[in-house]
Amino acid sequence: MGKVLRLDESIYDLVTRHPEITGIMVELGFHDIAKPGMLQTAGRFMNLSKGMKLKKIDPETVRQAFERQGFTIVE
């Protein structure tokens, strides 16, 4: 399987494994991820599912943005 992202995996783990997703996430509205220290702190307990709910971002929009970059999101 190619580049797979799990909704319940911490943002820290996702970015550590796939650093290129930082840009995708910023474009989607997750601006805090680019702030110094946020990935090391909040990123360790925040996951993609929680982040979408918190930022009120449509899950289908997120899925499409990642798929355009070659990622697959799984539950």
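Residues numbered from 1 in each chain as written. Predicted model: local features only at pLDDT ≥ 70, side-chain atom pairs only at ≥ 80, totals over all residues. Heavy atoms only, no water.

S.K.: Let's hear about helix α2 (residues 21-28): which residues, and what values?
M.R.: Of the positions making up α2, those classed as buried are Ile21, Ile24, Met25 and Leu28. Along α2, the residues classed as buried sweep out an arc of 95° about the axis, all on the same side. Those residues of α2 hidden inside the fold are in contact with β1 (3-6), α1 (11-17), α3 (48-55), α4 (59-68) and β2 (71-74). (Buried < 20%, exposed > 50% of the residue type's maximum accessible area, 1.4 Å probe, protein only. Helix = DSSP H or I, 4+ residues; strand = E, 2+ residues; numbered from the N terminus. Arc of directions from axis to C-beta. Contact = heavy atoms within 4.5 Å.)

S.K.: Could you give me a rundown of unusual backbone geometry, with the residues and numbers involved?
M.R.: A negative phi angle is the norm for most residues apart from glycine, just as the trans form is the norm for most peptide bonds. Not every positive phi belongs to a glycine, and Lys56 is a case in point at roughly 55°. Relative to the assigned elements, Lys56 resides in the loop between α3 and α4. Taking the relative accessible area as the measure of exposure, Lys56 reaches 75% and is therefore exposed.

S.K.: So what's going on with α4? Which residues, and what values?
M.R.: Among the residues of α4, those classed as buried are Val62, Ala65 and Phe66. Each buried residue of α4 sits inside an arc of 95° when the element is viewed along its axis, so together they form one side. Check the buried side of α4 and you find it contacts β1, α2, α3 and β2. Count one or two residues on from α4 and you reach Gly70, which has phi positive near 90°.

S.K.: Could you give me a rundown of the pairing of β2, with the residues and numbers involved?
M.R.: Because side chains alternate across β2, one face comprises the buried residues Phe71 and Ile73, and the other comprises Thr72 and Val74, none of which is buried. Note that β1 and β2 share four bridges and pair parallel. Residue pairing in the sheet places Leu5 in a bridge with Ile73 of β2. (Pairing = 2+ DSSP bridges.)

S.K.: Which residues make up the environment of Phe71, and what values do they have?
M.R.: Along the polypeptide, Phe71 turns up in strand β2. Looking at Phe71, the relative accessible area reads 2%, which means it is buried. Here the alpha-carbon distance between Phe71 and Lys3, two residues 68 residues apart in the chain, equals 4.9 Å. Ignoring anything within four residues of it in the chain, the contact list for Phe71 reads Lys3, Leu5, His18, Glu20, Ile21, Ile24 and Phe66.

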